[in-house]
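# Commentary on secondary and tertiary structure
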Amino acid sequence: MIVCALFLSPLALADGLPELGDSSATVLSPLQEQKIADQIMRQVMASDDVVSDAEVNDYVQNLGYRLASHGPDPHQQFNFFVVKDNTINAFAMPGGVVGVHTGLIIAADTESEVAGVLGHEIGHVVQHHLARMLAQQKIDSVVSMATMALALLAAVGNPQLGGGAMMTASANAIQKQLDYTRDHEREADRVGLQIMTDSGFDPHGMPAFFEVLQKGTRFVQGTAPSFLRTHPLTTERITDVRGRVEQMSSFKLVEDSQEFYYVRAKLLADLGTPTQAVDSFRNNLQEKKYTNEAGQHYGLAIALMRKRDFTGAAKELDWLKMNAPVHAMIANLAANIAVAQNKPEQAEKAFITGLAIFPNHRALIYGYAEHLLALNQVDNALKLISDKQSSFPDDPYFYELISKAYTMQGKVLLRHQAQGEAYVRRYHIPKAIEQMDLAAKATDGDFYQHSIVEARLSQLRQLVDDPKKPK
Ligand SMILES: [Zn+2]
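Within each chain, residue numbers correspond to sequence positions counted from 1 in written order. Predicted model: local features are reported for residues with pLDDT of at least 70 only, side-chain atom pairs are reported and counted for 80 or more only, and whole-chain, interface and lining totals are derived from all residues.

### Digging into the overall build of the chain
Within the chain, the secondary structure is distributed over 26 helices and 3 strands. Sorting the 471 residues of the chain into buried and exposed places 47% on the buried side. In the chain, 65% of the contacts between residues at least 6 apart in sequence involve partners at least 24 apart. Runs of H or I in DSSP of at least four residues are treated as helices and runs of E of at least two as strands, each being numbered from the N terminus. Working definition of burial: number of other C-beta atoms within 10 Å of the residue's own, with buried at 20 or more, exposed at 12 or fewer, and partly exposed in between, all C-beta atoms being placed from the backbone. Distance between backbone-placed C-beta atoms decides contact: two residues are in contact if it is within 7 Å.

Here is the structure:
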């Protein structure tokens, strides 16, 4: 596990931001924060409530990293992920774990509105607000702190994600003390605004979205602003943010990315029944109710796929090919339609063409590898993955695909070794050890392969047993 050694950013302090609380007694070490983050990520990775769609994830991650790279602490690690939840919310955990609800992306009218909320959450992370509050609780171990953080997550409306950490009376009591204070909110707003402006987003997006949340307007199918519960929003706070934006002398206005419209449409296409989703996009197109026409055709295509109307989806794809700029998500849509229509040769061509233009579009790589495995072209699938894997060293799914391929070939050692590496990247070291142990005991594999597995196994065991690890 890579642990980035860092200290409380001197930049953040030099920036004139208030230092909250007594730092010597109430700050978690970066290593402790990272350990808590790993525990939370293990839960996140195992949760069915987390979006697994590569395009949605990559969009939010890239947006998050772009914003974070303009933050006051370039060494802070981040993990961005998306929770299947139609309420409008986002949350930040210690160690840079930031979750975004699908409802937030759906309810946003512009990319800057999403960026405003993400910037605010990044502000909480780089100012170590939750970490400091956890430190004040005098909880004695990192694991208990992670449990506490997860219990809080459950308390604020992500019960499944909270998972193993059952809500207890004491967690309830502590949550009261851990709610972000007004000072925290103001600080996160200030950092967030700066970050989003430095990243090229329109800073008006932040106060505009806060107003939407406060007024409780703009709800889509059961979306509700649960953001307000954890980030108390006062009129004074919004006025404060507005005032700051007005004072900004200049900022460049960057157009919303096409990804924003496609990702939002993809999430909308997943709401309600397939027929409802199709009707809603058709209706918007008919009444010209949209800011981005291509986004509507894309969403309609996805909704038609859900309805298993592949001919209809192919028609929308034709429209996009004729009228919208070349885009990785359209290339992926073309391949997925061909797969769904059971046209393997057309699918093969679509994947190859798409990857030639967008060699690192993760969804295309996943889709092509799955396609090759479905056609029993195991060697080709393994070659594709090994060609691409160096660009995604932390991606567990690449290892799961490899494990599947080796299972199909009956290779026991390699199968368990790959599954073990996948678990490492899902932050689950005990399960990784279990798999690596199975690999070590496999009767196939040569001396060289067994040596690698043995070395990795003892390395992983040290991670768990290391007496020097911080408690
Ligand atoms: Zn907040």
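Having seen the structure, we can now continue with the description.
### A short note on the sheet that holds strand β3 (residues 97-101)
As summarised here, the arrangement of the 3 strands in space is β1-β3-β2, forming an open sheet in which the pairing is mixed. The outermost strands of the open sheet, each flanked by one partner alone, are β1 (79-83) and β2 (90-93). With strand direction ignored, the average angle separating the axes of adjacent strands in the sheet is 20°. One bridge is not enough; two strands pair if DSSP finds at least two bridges between them. Looking at chain direction, β1 and β3 are connected through 5 bridges and run parallel. Bridged to phenylalanine 81 within β3 is glycine 99. Each of β1 and β3 is contacted by helix α4 (residues 54-68), which is oriented at about 140° to β1, the strand it contacts most. Every angle, taken between N-to-C directions, lies between 0 and 180 degrees, and every axis is a line fitted to C-alpha atoms, over only the stretch in contact when it is a helix.

### Describing unusual backbone geometry
Although it is not a glycine, lysine 288 adopts a positive phi angle of roughly 55°. Mapped onto the secondary structure, lysine 288 falls in the loop between α16 (274-286) and α17 (293-306). Positive phi, normally seen in glycine, also occurs at tyrosine 427, with a value near 60°. Locating tyrosine 427 in the fold gives a position in the loop between α24 (412-425) and α25 (429-441). Owing to 21 C-beta atoms within 10 Å, tyrosine 427 belongs among the buried residues under this scheme.

### As for the pairing of β3
In regular strands, side chains alternate between the two faces of the sheet. Across the 5 residues that make up β3, a large majority, 5, are buried. The alternating pattern of β3 places Val97, Gly99 and His101 on one face and Val98 and Val100 on the opposite face, and all of these are buried. Here β2 hands over to β3 after 3 residues, with glycine 95 in that stretch at a positive phi of 75°.

### A look at the confidence of the model for the chain
Each residue carries a pLDDT score, the predictor's own confidence in it, on a scale running from 0 to 100. The pLDDT averaged across the chain works out to 85; a share of 82% of its residues lies at or above 70. Confidence drops under a pLDDT of 50 for residues 163-167, and excluding neighbours within four residues, the segment shows 12 contacts in the predicted structure.

### Side note on the packing of helix α23 (residues 396-408) against α24
Direction vectors running N to C along α23 and α24 enclose 165°, while the axes themselves pass 8 Å from each other. By the criterion of interaxial angle, the relationship of α23 to α24 is roughly antiparallel. Relative to α24, the crossing made by α23 is left-handed. Every residue of α24 that contacts α23 at Pro396, Tyr399, Glu400, Ile402, Ser403, Tyr406 and Thr407 is listed here: Leu414, Arg415, Ala418, Gln419, Glu421, Ala422 and Arg425. These descriptions rest on fixed angle ranges, namely under 35 degrees for roughly parallel, over 145 for roughly antiparallel, 65 to 115 for roughly perpendicular, and the rest for oblique. With the far helix as reference, a near helix turned anticlockwise by less than a right angle produces a left-handed crossing, and one turned clockwise produces a right-handed crossing.

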